[in-house]
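So you can see what is in the structure, the chains are spelled out below.
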Amino acid sequence: MSRLDAFSRGEVPPPAAPGDPIERVDTPALIVELDAFEANLAAMAAFAARHGVHLTPHFKAHKTPAIAKRQKALGAAGFCVQKVSEAAPLVAAGLTPILVTNELVGDAKIELLCALAARAPMSVCADNATNIAALAAAAAARGVTLAVLVEVDAGSGRCGVAPGQPAADLATLVAAQSHLRFGGIQAYHGKAQHVREVLYRKTMIDQAVVAVRATTAALASAGLACPRVAGGGTGSFFLECASGVYTEIQPGSYALFDRDYSDNEPVTEPGVPQFQNALFVLATVMSATRPEHAVCDAGLKSMSFESGMPRVRGRPGIQYRGPSDEHGVLALLDGAKVAVGDRLHLIPGHVDPTVNLHDWIVATRSGRVEEVWPVVARGMVF
Ligand SMILES: *Cc1c(COP(=O)(O)O)cnc(C)c1O
C-alpha cells in the first residue's frame, strides 16, 4: 500500500519492504543474500586482522553506507573511495577516515575535498607536481591539512609515477607544503585482480612489491618516513598481506562477489578465505514463446555486461545470451524449461557498475526481506 502511495506521488519506492517474502519483491531488483554477505565480510576482516594489516574496504564497489557501517563494526580502519563525491555520505555518517585512491584534478573536486577535510581526516593520491601545488594552495586557503599519498605505478600502467626516485621526489615536494602531509604510498595493481591463474597473479604482485621496496628505499634516503603502503583488491589481497611491505589492503568486491571474480582460479593456500556470490539481480521471465527461447525483464539498465554475461543460479540449462535495454534473452539448453512468471537469480558479471544502476538493495535471509538499503552514493561519479 505505501509502495502504491509512493508511485502515486511520483516517487521511486523500494522494490520490497522488510518482512516481505522474496516472492513479493518487484523485479528487476538488486538482492543481497545476508548469510553469504556476512560470511564474506567476516572472512576478510579476520584475515586482515590475523596478518596485522589494516582493512580499508573500497566503498566504490557498493556505494551503500549501510554496508560500510557493517564493515566498520567488523574492524575496518577506514574507507577508500574512488571519487571525492562518494566520500560525502561516508563523512555524514561518521564512517571515516577516508582515502581517495585517485588523483583529483580540477577546482571543484579539490574544493569538495577540502570542505570534507574540515570535518574528517581525508587523504588523497597524487602523481604530479602541478596537482600537488593545487592541493597545497586549496588546503592553505581553506585552513585544512590533507594527507597526500604518492601513487606509484605498481604494474598496471595506468596512473602513478615511476617507483623509486621519481616517487620520492614527489613525496619530498608534498612534505615541503605547509598544509600537506606526506601520507605514504599507494601501490594498487588493478590489472592483477582478474588474472585467472593464482601463480600468474602472484608474479604480478611480486613486481608490485619490488616497486614498493624501491620506493621505500628512496624515501629513506630522502629522510622521509613512509607511514602507509596501501593497495590490494579482492583478487590479490592475500599476496599483499603476505608481502610484509603493505600496511593496508583495500578490497571492495569481496563483500558482494561477482561472477567474474568467481571465475578466478580459487586460492588453495590454507587460511585464505573463499568468498561466495552474495549479489543477484532478481529477474522475472516475461515471455516464453518458443521451446528453446525465453525472455526476462533485466537487461542493460539492470546490470553491467562489460565483464560478460550473468550466470543464472541453480538453473543449469538456462543461459543468459544477451541483453537489450530492458530485456534479457535466455537460451534453454538440454531440454531446460521455464514458465512465464518464473523468477531467476542472475549473478552479475561485475559488482561495481551493476550496483551503480540501482537506487535500492534488498537484503534477504532465508527467503524473506530483512532490510532495504538505499544506494546513497549511486550516481556520485564526480
Ligand atoms: C577498485 C579498487 C580496489 C578494490 O578492487 P576490488 O576488485 O573491488 O576488490 C582497491 N584499490 C583501488 C585503488 C581500486 O581502484
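The coordinates are above.
Attention in this report is confined to the structure presented alongside it. Each residue is numbered by its place in its chain's sequence as written, counting from 1. Only residues with pLDDT of at least 70 get local features here, since the model is predicted, and only at 80 or more are side-chain atom pairs given and counted; chain-wide, interface and lining totals rely on the full set of residues. To get the side-chain values, take all heavy atoms of the structure and skip hydrogens and water.

## Some thoughts on the overall build of the protein
Across its full length, the protein holds eleven helices and 17 strands. Computation of the radius of gyration draws on C-alpha atoms alone. For the globule rule, the value is 2.2 Å times the number of residues to the power 0.38. Taking 2.2 N^0.38 as the reference for a compact globule, 382 residues should give roughly 21 Å; the C-alpha atoms of the protein span a radius of gyration of 22 Å, in line with that estimate. Along the longest, intermediate and shortest principal axes, the C-alpha atoms of the protein span 70 × 50 × 35 Å. Buried residues are those whose accessible area, probed at 1.4 Å on protein chains only, stays under 20% of the maximum for their type, while exposed residues exceed 50% and partly exposed ones sit between those limits. Every one of the 382 residues in the protein was classed for burial, and the buried ones make up 53%. Put simply, 67% of the contacts in the protein that link residues at least 6 apart link residues at least 24 apart. Values of accessible area rely on a 1.4 Å probe in the Shrake-Rupley scheme; residue burial ignores everything except the protein chains shown. For the protein, the computed accessible surface area is about 15,800 Å², with 55% contributed by carbon and sulfur atoms. Positive charges come from Lys and Arg, negative ones from Asp and Glu, while His and the chain ends are left out of the count. In plain terms, the charge of a residue is placed at NZ if it is Lys, CZ if Arg, CG if Asp and CD if Glu. For the protein, the distance from the average position of its 33 positive side-chain charges to the average position of its 36 negative side-chain charges is 2 Å. Strands here are runs of E lasting at least two residues and helices are runs of H or I lasting at least four, both read from the DSSP assignment and numbered beginning at the N terminus. Here, two residues are considered to be in contact whenever any of their heavy atoms come within 4.5 Å of each other.

## A few points about the pairing of strand β16 (residues 360-365)
Bridging between strand β1 (residues 29-33) and β16 involves four bridges; their strand directions are parallel. In the strand pairing of β16, E33 is matched with T364. Only strands joined by at least two bridges in the DSSP assignment are considered to pair. Bridge count between β16 and strand β17 (residues 368-374): six bridges; the pairing is antiparallel. Paired with A363 across the two strands is E371, which belongs to β17. Linking two consecutive strands that pair antiparallel, namely β16 and β17, is a turn of two residues; a positive phi of about 50° is found at S366 within it.

## Topic: the environment of S243
With respect to the helices and strands, S243 occurs in helix α9 (residues 237-243). When the C-alpha positions of S243 and A208 are compared, they lie 9.9 Å apart, and in sequence the two are 35 residues distant. A distance of 2.7 Å separates the side chain of S243 from the backbone oxygen of E240, its partner in a polar contact. Between N or O atoms, a polar contact is any pair within 3.5 Å; within protein, one atom must be a potential hydrogen donor and the other a potential acceptor, and residues adjacent in sequence are included only when both atoms are from side chains. Polar side-chain contacts of S243 include one of 3.1 Å to the backbone nitrogen of V245.

## A few points about the nonpolar core
The nonpolar core is taken to be a set of buried Ala, Val, Leu, Ile, Met, Phe, Trp, Tyr and Cys residues, with the residues joined through side-chain atoms within 4.5 Å. Residues F37, L113, M122, L135, L180, L256 and L346 are the most contacted members of the largest nonpolar core, which totals 109 residues. With near-sequence residues (within four places) excluded, L346 lies in contact with L279, F280, V281, A283, C296, A298, M303, P310, R311, V312 and Y320. Counting eleven residues, the second-largest nonpolar core is a separate cluster that includes A16, A29, I347 and V362.

## Here we look at helix α7 (residues 165-175)
Here α7 has its buried residues at A167, A168, L170, A171 and V174. Angularly, the buried residues of α7 cover 160° about the axis, an arc narrow enough to put them on a single face. Buried residues belonging to α7 abut α6 (129-142), β6 (146-151), β7 (180-186) and α8 (198-221). Working definition: the arc comes from the directions between the helix axis and the C-beta atoms, pointing outward to the latter.

## What about the site of the ligand?
The local shell around the ligand holds 13 residues, among which K60, T234, G252, S253 and Y261 are the closest. Contacts to the ligand include Q250, whose side-chain N or O atom sits 3.0 Å from a nitrogen atom. Contact between the ligand and S253: an oxygen atom at 2.6 Å from a side-chain N or O atom of the residue. Protein chains bury 94% of the 380 Å² of accessible surface belonging to the ligand in isolation. Gly is put with the polar residues, along with every residue not named as nonpolar or charged; the nonpolar set is Ala, Val, Leu, Ile, Met, Phe, Trp, Tyr, Cys and Pro, and the charged set is Asp, Glu, Lys and Arg. For the shell around the ligand, the class distribution of residues is three nonpolar, nine polar and one charged. For this description, a residue counts as near a given molecule or strand if any of its non-hydrogen atoms is within 4 Å of it.

## What about the pattern of salt bridges?
When charged atoms on two side chains of opposite charge get close, those side chains can pair. Note on definitions: salt bridges are taken to be side-chain nitrogens of Lys or Arg within 4 Å of carboxyl oxygens of Asp or Glu. Applying the stated rule across the entire model yields 18 salt bridges. Note that R313 is salt-bridged to E33, the shortest N-O span being 2.8 Å. With R313 in the loop between β12 (311-312) and β13 (318-323) and E33 in strand β1, this pair connects stretches of sequence that are 280 residues apart. Among the ionic pairs, E371 bridges to R70, the shortest N-O distance being 3.2 Å. With a gap of 301 residues between them, E371 in strand β17 and R70 in helix α3 (residues 65-73) connect regions that are remote in the sequence. Because the salt bridges share partners, they merge into one network encompassing D35, E38, R70, R365, E370 and E371.

## Things to note about the packing of aromatic side chains
Each pair of aromatic rings is reported with the distance of its centres and the angle of its planes. Ring pairs are drawn from Phe, Tyr and Trp, using the six-membered ring of Trp, whenever the two centres fall within 6.5 Å, and their geometry is named by plane angle: stacked under 30 degrees, edge-to-face over 60, tilted for the rest. Taken as a whole and assessed by the stated rule, the structure comprises eight aromatic pairs. Arranged with centres 5.4 Å apart and planes meeting at 85°, the rings of F47 and F237 form a pair that is edge-to-face. Of this pair, F47 sits in helix α2 (residues 34-50) while F237 is found in helix α9, placing the two residues 190 residues apart along the sequence. Residue class for F237 comes out buried when judged on its relative accessible area of 2%. Summarising the aromatic geometry, the rings of F257 and Y261 are spaced 6.0 Å apart at their centres and angled 10° between planes, so their arrangement reads as stacked. No difference in accessibility class separates F257 from Y261, as the two residues are buried.

## A few points about the environment of T130
Position of T130 relative to the elements: it lies in helix α6. Here T130 falls in the exposed class, since its relative accessible area comes to 62%. In this structure the C-alpha to C-alpha distance between T130 and P65, which are 65 residues apart in sequence, comes to 33 Å.

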